[in-house]
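Descriptive structure summary
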Amino acid sequence: MEFSEHIKTANVEDVVLRQPLHPPSRGTLCITGHHLLFSDREEGSSRQVLLLLRNIDAIEKRISGSSGTIIIKCKDLQVLQLDIPGMEQCLNIAHSIETLSCLDSVSEMYPFFYRPSDLSLQDQWGLSSPEKHYSQMKELHDRWRLSTVNRDYSVCPSYPPAVIVPKNTDDEVLKKVAKFRQAGRFPVLCYYHRKNGMVIMRSSQPLTGANRKRCREDEQLLQAVIEGSDKGYIIDTRSSQQAQQARMTGGGFESKSSYSHWKRLHRQMERAKALQESLIKLVEACGDSSHNMDRWLSKLENSKWLSHVQTALSTAGLLAECVERDGHSVLVHGSEGTDSTLLISTLAQLIMDPCCRTLEGFLALLEREWIQAGHPFQQRCAHFAYSHARLQLESPVFLLLLDCVWQLWRQFPLALGFSEALLLRLATEAYASNYGTFLCNSHQERCSLGVMENTHCLFWTLLRPSERDYYSNPLYEPTELAIWPSVHPQSLQLWRGFFLRWTPQARHLEEAQEEIRNMVIEWGKLALS
């Protein structure tokens, strides 16, 4: 596709830009295949604003006489206003933005065109791989093996080519188990707890159906997981009633009679649509300009966002408790195993494992549990909270994860090796990015579209010396202890740095944190000298 087909008016003079935290400015507006560029033309100003079109969630047009106004609502919660002279020019610009901000073809998105001079496409893409992770975990090798049963993605389209499974379970067994699990997501190892040898497995729901079908191979695989132990736990992220209802549509759960050594625990977590609706209500509350505190608190409560944060952290705490305190292995799943399953397995690893709390360790954890494990980023992050498009498969599960991590970061300011700035950057990049890391819905899609050969990796960029300092926590003090979050309502707060990031109060807070950070770094240098 030629981007020029969708650009009837490439640039307009005498446009007024109104942007949060800045006075209005007059200048030239240009539109390209992937960006809006505003250049301030007022004397003594060299200010430029470059906005990735993919970051635009919705626009509103207002025509008044011979001129018009476009209000741009972005996925990073920024709201801009463009006052454009000339009705035709205004309508042309609006049409170009609407078309170019919603490109469906992955290969037409900006990461395939982004070529900074200090990065090379020959650079390593990704921090690790299942093969490398397995080779580094020597403790696994007695009882676990690396299987390449999915090397052509035919067993499970959303899994990577290699996965870790019990050593005495061969590939033919895995193929049968995959047919018994939704979308082929058979149980695989995602975490090994070095302290006691227990593991976290994850999968999708079993397809028992109304007739209570069984799969001997599935039962054998799970028995192999707890070999030498009296029992294991299954944490189902649906209510007991939801799991029963799933049988009517071919899904189901592990029955006590067939999985006698496994104890099932149900912890209901909201599904995709409910989470998206919650985010929309929260963003609406954050944009309320009435300055009425009672109304604001009522809207915040009605959004239920903080109750979703509470549920995620408490369920992850339960998972960590089963492994760390009770000393038992756990299988986690909901229905598909691509959303709430990944959310709580990630949080549980952060709670238990100090290796996941360093800057590198956290990014590697995200790569392992979200990128490689098949979270459908393309579907979930297609729109944010402003879009007028009918909801399809959008859901802010990854944003909910980052909010939960921020709650941990706030409760344990010394225990995590990264800063809030990293979480804000990741929240922005997941929805609109120069990098290919969050493109597509699975490893298979990234391979078939050449993402790893033709785009740059965000995680490696964040670890470069020039970026690393900014995203590191200068107060970090490693601890081997688990960090158990408080989930009492008074312990959880709205993530102001994200949801109120374009307000003067948030900017003042950010400046104060940066000043404190610089002071801590200076003190550290003095102490070393």
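Remember, predicted model here, so these are calculated numbers, not experimental data. (Residues numbered from 1 in each chain as written. Predicted model: local features only at pLDDT ≥ 70, side-chain atom pairs only at ≥ 80, totals over all residues. Heavy atoms only, no water.)

**With respect to the packing of helix 8 (residues 305-324) against helix 9 (residues 340-352)**
With their axes 8 Å apart at the nearest point, helix 8 and helix 9 run at an angle of 60 degrees to one another. Between helix 8 and helix 9, the crossing angle belongs to the class labelled oblique. Pair helix 8 / helix 9 crosses with right-handed handedness. Contact with helix 8, carried on its side by A312, L313, T315, A316, G317, L319, A320, V323 and E324, involves L343, I344, S345, L347, A348, I351 and M352 of helix 9 and no other residues of that element. Grouping the amino acids of the contact of helix 8 with helix 9 by side-chain chemistry returns twelve nonpolar, three polar and one charged. (Axes fitted to C-alpha atoms, helices over the stretch in contact; angles between N-to-C directions. Helix = DSSP H or I, 4+ residues; strand = E, 2+ residues; numbered from the N terminus. Parallel < 35°, antiparallel > 145°, perpendicular 65-115°, else oblique. Left-handed = near helix turned anticlockwise from the far one by under 90°. Contact = heavy atoms within 4.5 Å. Nonpolar A, V, L, I, M, F, W, Y, C, P; charged D, E, K, R; others polar.)

**So, the nonpolar core**
Residues F362, L426, F459 and F499 are the most contacted members of the largest nonpolar core, which totals 103 residues. In terms of residue count, the dominant contributor to this core is helix 12 (residues 397-411) (eleven residues). Among all residues touching F499, those that are not within four sequence positions of it are L77, L279, L282, C286, W305, L399, D403 and L494. By size, the runner-up hydrophobic cluster in this structure holds 31 residues, among which are V173, F180, V199 and V225. (Core = buried A, V, L, I, M, F, W, Y, C linked by side-chain atoms within 4.5 Å. Buried < 20%, exposed > 50% of the residue type's maximum accessible area, 1.4 Å probe, protein only.)

**Here we look at the sheet that holds strand 7 (residues 79-85)**
An order of 4-3-2-1-7-6-5 is seen for the seven strands of this open sheet, with the pairing classed as antiparallel. Two strands in the sheet have a free side with no partner beyond their single neighbour: strand 4 (48-52) and strand 5 (56-64). Pairs of neighbouring strands in the sheet enclose a mean axial angle of 30 degrees, with direction left out of account. The sheet contact formed by strand 5 and strand 6 (residues 67-74) spans eight bridges and is antiparallel. Its bridge partner being in strand 6, I59 is matched across the sheet by I72. Running at roughly 165 degrees to strand 5, helix 1 (residues 87-100) makes contact with strand 1 (11-18), strand 2 (25-31), strand 3 (35-40), strand 5, strand 6 and strand 7 of the sheet. (Pairing = 2+ DSSP bridges.)

**Section: the pattern of salt bridges**
Inspection of the entire model under this criterion finds 23 salt bridges. Its salt-bridge partner being D218, residue R181 comes within 2.8 Å of it at the nearest N-O pair. Of this pair, R181 sits in the loop between helix 3 (171-179) and strand 10 (188-192) while D218 sits in helix 4 (residues 216-225), placing them 37 residues apart in sequence. Each member of the pair, R181 together with D218, is buried. Taken together, the salt bridges that share partners define one network made up of E284, D288, R295 and K299. (Salt bridge = Lys/Arg side-chain N within 4 Å of Asp/Glu carboxyl O.)

**Remarks on helix 9**
Under the 1.5 Å per step criterion, the end-to-end length of helix 9 is 18 Å for 13 residues, consistent within 8% with the ideal 18 Å. Taking burial as the measure, the 13 residues of helix 9 include 13 buried ones, the bulk of the element. (Expected span 1.5 Å × (residues − 1).)

**Concerning helix 13 (residues 420-431)**
The first and last C-alpha atoms of helix 13 sit 18 Å apart over twelve residues, in line with the 16 Å expected at 1.5 Å per residue. For helix 13, a buried count of eleven out of twelve residues is recorded, marking the element as mostly surrounded by other parts of the structure. Along helix 13, the residues classified as buried are E420, A421, L422, L423, L424, R425, L426, A427, E429, A430 and Y431.

**A closer look at the environment of L393**
Topologically, L393 is positioned in the loop between helix 11 (377-380) and helix 12. Under the relative-accessibility criterion, L393 is labelled partly exposed at 45%. What L393 contacts, discounting residues up to four positions off in sequence, is Q379 and R380.

**So, the packing of aromatic side chains**
For the structure shown, the criterion picks out 18 aromatic pairs. Ring centres of Y159 and F186 lie 5.3 Å apart, and the angle between their planes is 85 degrees; this geometry places the pair in the edge-to-face category. Of this pair, Y159 sits in the loop between strand 8 (144-147) and strand 9 (163-166) while F186 sits in the loop between helix 3 and strand 10, and the two are 27 residues apart along the sequence. The class of Y159 is buried, set by a relative accessible area of 1%. F186 gets classed as buried once you look at its relative accessible area, which sits at 0%. Through successive ring pairs, a cluster of aromatic residues spans W305, F384, W406, Y431, W495, F498 and F499. The ring of W484 is capped by R325, whose NZ or CZ atom sits 4.1 Å from the centre of that ring. (Phe/Tyr/Trp six-rings, centres within 6.5 Å; stacked < 30°, edge-to-face > 60°. Lys NZ or Arg CZ within 6 Å of the ring centre and 35° of its normal.)

**Quick word on unusual backbone geometry**
One non-glycine residue, Y153, lies in the positive phi region at around 65 degrees. As for its placement among the helices and strands, Y153 is situated in the loop between strand 8 and strand 9. Non-glycine residue A183 carries a positive phi angle of around 55 degrees. Along the chain, A183 falls in the loop between helix 3 and strand 10.

What is shown is where atoms sit, not what they do.
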